[in-house]
Amino acid sequence: MKQTVLSLLVDNNPGVLARVASLFSRRNYNIETISAGRTNDERFTRITVSVSGDDQVVEQIRAQIEKLEEVRKISVLEDKTSVCRELLLLKVFANKTEKQDIIAIADIFRAKIVDVSRESVMIELTGNQNKLNAFLELMADFEQLELVRTGLTGLERGMGTLL
């Protein structure tokens, strides 16, 4: 099964995200990640959904989403023709000696240290899922206190738009 990233342009109405998400659960499709936010036009929201499945499953998902009244347009974000990113925040336990090692790893990945306390460090990292997963693999040697990921979001390259 391959991962497919769908970009939906929907009306900016209350409950639209819930209606899209419930469509997946009613049909027993799994959402890998989902993110939503208003666009530069306040009338619309962009929802980015990543799903796993073969071409037939993805086409069924697209067909079901297109039936929703508030959906204006759907696009598949292909690797070569789009840019997809995810945000990760990680809080790790860090004594004085571990902080330098953690900062060195963060620097390699161009991550930002966004909070430091006596016993913890919080790191912000943005990138594709492979980059985030590689970072987390290296950080596995440290005690992770909290982790949150936003899920994928993305845009097509060039002048093409959903609006």
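Report on the accompanying structure. All values derive from a computational prediction rather than experimental measurement.

1. Side note on the overall build of the chain
- Along the backbone of the chain there are four helices and nine strands.
- For the chain, the succession of helices and strands along the chain, N to C, is β-α-β-β-α-β-β-α-β-β-α-β-β.
- The principal-axis extents of the C-alpha atoms in the chain amount to approximately 55 × 35 × 30 Å.
- When burial is assessed residue by residue, the chain has 39% of its 163 residues classed as buried.
- Residue pairs at least 24 apart in sequence account for 72% of intrachain contacts in the chain once pairs closer than 6 positions are excluded.
- A total accessible area of about 9,900 Å² is found for the chain, and carbon and sulfur atoms account for 48% of it.
- Where the 22 positive side-chain charges of the chain centre and where its 24 negative ones centre are 4 Å apart.

2. Describing the sheet that holds strand S4 (residues 71-76)
- Spatially, S2-S3-S1-S4 is the arrangement adopted by the four strands of the open sheet, whose pairing is antiparallel. Two strands in the sheet have a free side with no partner beyond their single neighbour: strand S2 (31-38) and S4. Between one strand axis and the next, the sheet turns by 15° as a mean value, whatever way the strands run.
- Where S2 lies against strand S3 (residues 44-53), seven bridges are found, and the strand directions are antiparallel. Within S3, the position partnered with Gly-37 by the bridge is Arg-46.
- Against the sheet, helix H2 (residues 55-66) touches strand S1 (2-11), S3 and S4, its axis set at about 10° to S1.

3. So, the pattern of salt bridges
- For the structure on display, the rule yields seven salt bridges.
- Taking the shortest distance from any N to any O, the salt bridge between Lys-2 and Asp-55 comes out at 3.2 Å. Placement of Lys-2 in strand S1 and of Asp-55 in helix H2 is noted, with a sequence separation of 53 residues between them.
- Take Lys-2: its relative accessible area is 45%, and that puts it in the partly exposed class.
- Judged by relative accessible area, which is 54%, Asp-55 ranks as exposed.

4. Quick word on helix H4 (residues 129-139)
- Within H4, the full set of buried residues consists of Gln-129, Leu-132, Phe-135, Leu-136 and Met-139. End-on view of H4: buried residues confined to an arc of 125°, all on one side of the axis. Facing away from the buried side of H4, by more than 90 degrees, are the exposed residues Asn-130 and Glu-137.
- Each element contacted by the buried residues of H4 is listed here: S1, S2, strand S5 (82-93), helix H3 (96-108), strand S7 (120-127) and strand S8 (144-149).
- Near the N-terminus of H4, the side chain that reaches the backbone nitrogen of Asn-130, with its oxygen 3.1 Å away, is that of Asn-128.

Calculation criteria
Residues numbered from 1 in each chain as written. Predicted model: local features only at pLDDT ≥ 70, side-chain atom pairs only at ≥ 80, totals over all residues. Heavy atoms only, no water. Helix = DSSP H or I, 4+ residues; strand = E, 2+ residues; numbered from the N terminus. Buried < 20%, exposed > 50% of the residue type's maximum accessible area, 1.4 Å probe, protein only. Contact = heavy atoms within 4.5 Å. Areas by Shrake-Rupley, 256 points an atom, 1.4 Å probe, with all protein chains shown as cover. Lys, Arg positive; Asp, Glu negative; His and termini not counted. Charge placed at Lys NZ, Arg CZ, Asp CG, Glu CD. Pairing = 2+ DSSP bridges. Axes fitted to C-alpha atoms, helices over the stretch in contact; angles between N-to-C directions. Salt bridge = Lys/Arg side-chain N within 4 Å of Asp/Glu carboxyl O. Arc of directions from axis to C-beta. Polar contact = N/O pair within 3.5 Å; in protein donor to acceptor, adjacent residues only side chain to side chain.

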